[in-house]
Amino acid sequence: MILADGHSRPSNTVPSSKLAARTVDLVREYGAGDSRVRALDGLHIELHSRRFTAIMGASGSGKSTLLHCLAGLDRATSGRILLGETDLGGLDDAALTAIRRDRIGFVFQDGNLLPHLTAGENIDLGLSLAGRRPDRAWRTELVGRLGIADRLRHLPSELSGGQRQRVAVARALLGHPDLIVADEPTGALDSASGGALLGLLRSCVDDYGQTVVMVTHDPSAAAVTDEVVLLKDGRSAGILNQPTRETVLERVAAISAQPGAVA
Amino acid sequence: MIVPQTAVRSIRRRPKQALMMGLAIALATAFAASSILIAINARAALVAFGMTTPEATDVVVVPPESIDNEAVAHMAGQVAALPETDEVAVEYLGDVSVEAGGLTSTWKLTSDPGSGALSAIPDLEEGDALQAGEIYLGVSTAERSGVSVGDTVVAAGRELVVAGIGQIHEFGMDVGLITEEDAVAIGSMTPVQIFIAGDMDPDAVSALIGDSLVISGEEQRTDQARTVTDTLVGVFGALTVFVGLALLSAVVIVGSTFRTVFSRRATELALLRCVGAGRAQLRRLVLFEAACIGLLSGIVGVAVGWALAAGLVAVAQSSGLLTDAFNSAPLALVACLVLATLSTVVAALPAAKAAGKASPIAALSAARATEARSTRRAVRLVAASVLALSAVATGAAGAIAASTDEFLALGLTALSGVLLFVALVCIGPFIVQWFAALLRPLTGSSGAVRVAVSNARRSSRRTAAMSTVLMLGVGLTASLVVGVAGATADAREDMESNFSSAAIIPVDFVDDPDAVVDLLTEHPAVDVRVDGLDILIDPAPGTGAVELRSAVLESVSDGTPVFWASDVRAGIEQTLLIGQIIGIVMISVTLIVAMVGVMVTLALSVAERREEIALIRALGMTRAGARRSLAIEAALAATLGSITGVVFGSGYGLLALNALGMSAGAPPIGSLTAVFFGVIIASILAAAIPMRTAGRVSPAIGMAAR
Ligand SMILES: Nc1ncnc2c1ncn2[C@@H]1O[C@H](COP(=O)(O)OP(=O)(O)OP(=O)(O)O)[C@@H](O)[C@H]1O
Ligand SMILES: [Mg+2]
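Residues numbered from 1 in each chain as written. Chains lettered and ligands numbered in written order. Predicted model: local features only at pLDDT ≥ 70, side-chain atom pairs only at ≥ 80, totals over all residues. Heavy atoms only, no water.

Enquirer: Hey, could you run me through the site of ligand 1 in this one?
Expert: All names here are of chain A. Close to ligand 1 lie 13 residues; Ser59, Gly60, Lys63, Ser64 and Thr65 are nearest. At 2.4 Å, a side-chain N or O of serine 59 approaches an oxygen atom of ligand 1. The side chain of histidine 217 places a nitrogen or oxygen atom 2.9 Å from an oxygen atom of ligand 1. Within the complex, the protein chains bury 60% of what would otherwise be the 630 Å² of accessible surface of ligand 1. At the level of secondary structure, the elements contributing two or more residues to the shell around ligand 1 comprise β2 (37–48) and α1 (63–70). Element by element, the count of residues in the shell around ligand 1 is highest for α1, at three residues. (Near = heavy atom within 4 Å. Polar contact = N/O pair within 3.5 Å; in protein donor to acceptor, adjacent residues only side chain to side chain. Areas by Shrake-Rupley, 256 points an atom, 1.4 Å probe, with all protein chains shown as cover. Helix = DSSP H or I, 4+ residues; strand = E, 2+ residues; numbered from the N terminus.)

Enquirer: Please clarify how empty space enclosed by the protein should be interpreted in this entry.
Expert: Residues and elements named next belong to chain A. If you walk through the whole model with that rule in mind, you get eight cavities of 30 Å³ or more. Of the pockets and cavities examined, the largest cavity occupies roughly 180 Å³. Arg101, Ile104, Gly126, Arg171 and Ala172 are, among the 19 residues lining the largest cavity, the residues nearest its centre. Every element with two or more residues in the lining of the largest cavity is listed here: α2 (93–103), β6 (104–107), α4 (125–130) and α6 (161–174). Here the lining of the largest cavity gets four residues from one element, more than from any other, and that element is α2. A breakdown of the residues in the lining of the largest cavity according to their chemical character gives nine nonpolar, three polar and seven charged. (1 Å grid on protein atoms, 1.4 Å probe; cavity = no way out; pocket = protein on both sides within 12 Å on 5 of 7 lines; lining within 4 Å. Points joined across faces, edges and corners; volume = space filled by probe spheres on them. Nonpolar A, V, L, I, M, F, W, Y, C, P; charged D, E, K, R; others polar.)

Enquirer: Mind showing me how you'd approach the sheet that holds β6(A) here?
Expert: Residue and element names in this part refer to chain A. Pairing is mixed across the open sheet formed by six strands, whose spatial order is β6-β7-β8-β3-β9-β10. Here the strands that pair on one side only, and so sit at the sheet edges, are β6 and β10 (235–241). When strand polarity is set aside, the average angle formed by the axes of neighbouring strands in this sheet is 20 degrees. Across four bridges, the pairing between strand β7 (residues 179–183) and strand β8 (residues 212–215) is parallel. (Pairing = 2+ DSSP bridges. Axes fitted to C-alpha atoms, helices over the stretch in contact; angles between N-to-C directions.)

Enquirer: Quick question: what am I supposed to make of the environment of B:Ala156 here?
Expert: Residue and element names in this part refer to chain B. Tracing the sequence through the fold places alanine 156 in the loop between β5 (152–155) and β6 (158–166). A relative accessible area of 35% places alanine 156 in the partly exposed class. Between the alpha carbons of alanine 156 and alanine 71 there is a distance of 23 Å; along the sequence they are 85 residues apart. With residues near it in sequence (within four places) discarded, alanine 156 still touches Val96, Ser97 and Ile186. (Buried < 20%, exposed > 50% of the residue type's maximum accessible area, 1.4 Å probe, protein only. Contact = heavy atoms within 4.5 Å.)

Enquirer: I'm lost on the interface of chain B and chain A in this one. Help?
Expert: At the junction of the two partners, chain B supplies 24 residues and chain A supplies 23 residues. With both sides pooled, the region where chain B packs onto chain A buries about 2,200 Å², and carbon together with sulfur makes up 65% of that total. Inspection of the chain B/chain A interface yields three salt bridges. Residue A:Glu121 pairs with B:Arg9 through a salt bridge whose shortest N-O separation is 2.5 Å. Within the residue set of the side of chain B that touches chain A, elements represented by two or more residues are α1 (2–13), α8 (266–274) and α9 (279–318) of chain B. (Buried area = accessible area lost by both parts, 1.4 Å probe. Salt bridge = Lys/Arg side-chain N within 4 Å of Asp/Glu carboxyl O.)

Enquirer: Could you clarify how one ought to interpret the sheet that holds β2(A) in this entry?
Expert: Hydrogen bonding along the main chain pairs the strands of a sheet, whether they run parallel or antiparallel. Residue and element names in this part refer to chain A. Reading across the sheet, the four strands line up as β2-β1-β4-β5 and stay open at both edges, with antiparallel pairing between neighbours. Strand pairing shows two members of the sheet lacking a second neighbour, β2 and β5 (86–87), which therefore form its edges. α1 rests against β1 (19–30), β2 and β4 (78–83) of the sheet, and its axis sits at about 60 degrees to β2.

So yeah, pure geometry; function would need other evidence.
See below:
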């Protein structure tokens, strides 16, 4: 679908590697001196194209930090962050801004929509900022699939939490990004809405060929994904392919039982 | 497109906030617009007041002061006999006691040829030219005294029939035009000048009449026009200064407001950065929103200012002070709008800069960005030092210039004051922090006081903005109070040294001084002596002021000019009072802007700290305590602003007096104390609305997730 609609994607996508993004020896430190915190400590991970990846780990293990680095929101202290073939480390603020705008889609914990723009305008926000017009047919299909076609003229405050998340998903998908990042997207939803949102993200991958990476604490959510990357103290603690709720629970328990774990 | 759209939406969704943000600008604009409109409309009156030489006048002869009426009439006759002369008119002027409609009051009478090119009477549509035994009245004068055409008024014992009523410039006084003949007959009117129309050569006239000052009509009109222009430049200059100060206060307030509002919207800005807005786009967003708010506030301000000016002009018209139709001066109003917009954009520059630096991660993390961020100490300290040094330098230059050029000295002193104010704006946050630290030991166990002091310290830039605008208002008021006190003392001193007696008759003003002295000496209630050029009159022992007055009036002939010390004193006091009132009106705008600043700043402070207030409430602070902590915050800012304002204002008031070569006199401690406490109380009152909001914050929201 994404290829069929003929939308011109940024030229630096390299499908042959089959890697949407990867990090090499990624270190991210916060603060200085005694208060220095090493949030990521030489992390290697690979995110495959057209896959749904979950990132799990204890609180403070560096999940959000990793996501920020991948999305061009944060910079590495050392090591490399590659989005496709683009090394984000060498880019200035303007270039990173353009990457976020054109190649990344965001879904946050609480929708994070601009409060005074309508749902429809929020969906178009990224493209508007780039001064581009959305692909009409694609937009219509998206809002139809997401069930928010009749809510486009409403303000975020007039939508339910689940609807807000769907608007955020529509915004993320509209520009055909190389990577969609989601930080605990179901965190503020009840289990039904959460389940529906996960289904949506799943179909982004299956039906629209997107690459999605999601931080979650919920083993059932992780079970929907293709692969779980486990983090511990800013390092990779293994990968779990084709996870189920049980295998995830098992691995997480195993990791926290190891010495040095954070409760 | 998205940038203007987002900005406009955000204003539309939060109109109350936009209103609050622009309130100070709207006020300053209203002040600017009304001042400009009033000045423009008063211009015609000023011109008419100053341009008294008729258009057709070719030559003006100003006779020497000591000359009598006959000599002037003789002179006029000589000129009239010249072949080039078309017309001659002698202008007599005098304050004459007139009885009209049963009331007696003093009117300003002027002689007028009644018709022709040298007459001030507008062309009559009906009725005849002014004749001897007749008087022509201004519209308002006739209205006030209830006289109409055909009635009789009595001027210094002479009956005059009202021949016409029309538009002559009255300047709020009772005025009438009479013939030269009647003016001479009344006696107490002085020949001021002789207007001559024709194809005249001033030199020839001068040769003919010798002793008098002869100038061409052209020259006199140019002189008068220059005087009018000088007055207008002075008026506009003073207005510009006050409007500028009000706008400066507004910019300080609005700047602080924008910083607070946009730091509260940090999440929103960060979100925009996340989805790909560049730094420049965010800066533009803030500036565009500022421009919209500035424009809207400007429109409100201009409308209010227009209404105010139109109302005042209407009142002035109905009392005869102004005659022309109201001039709306659309260009000036557009200029006010542009000024409002620009000022708001300038005020929003720091907020725009901060918005450009917004970190996109802030959108994802729960960390709430607040305004409490480090201020660049070094830059501010350096800027403040440079400004303070320049202030001292200009102040010193002003003190030196005082001996040569009063206005230069005054201007330099004012400039020094502005420089010092900007210096204090620069280091305001540090002063606030220091002041709060100073007060900390005094806070004791009261929760409200502790919360207030720590808030003032934490948001030191915001508190400083409140304090600095209050300081400007208080400083201006204090300098005015000190200046006026000094000027009053100076004028009184002058009076006492020039006016050693209860009344004076200048020897030059009477035909036979010895006769006058003899007459007065005969009266038992009067003590008379002659001192050089003045006949000095005092009450004899045991005589009161009222008895003295009637005794003097009995003794001297009608129309003899007597200058009463008490009248002159009252005149001086009145002039000072008028100056004081105008000054207070001008300065109160700055003070009101400052009060609005206190209100808006505290309201934003409450909005920003809702969760925090809720949390302290949940932890046990009472509703009254929450309110009290806000009142204390206002009082803190006001105390700081008042102290600095009174100190610097008094200092600059003294410098201004020195620049004008006046002695300072006793310091007006009472008035200054009143200003000091008045401002603190007014600030607490200004905090009333935000206090109510703070009291209403429910403790429950402190527990809820963001
Ligand atoms: N801006 C920051 N400044 C200092 N330390 C930070 C900052 N952001 C994150 N950290 C630290 O980095 C470490 C990793 O944080 P991160 O937010 O990535 O954890 P997380 O895995 O997302 O945790 P959670 O599941 O609780 O969201 C933590 O110890 C955190 O305290
Ligand atoms: Mg996290």
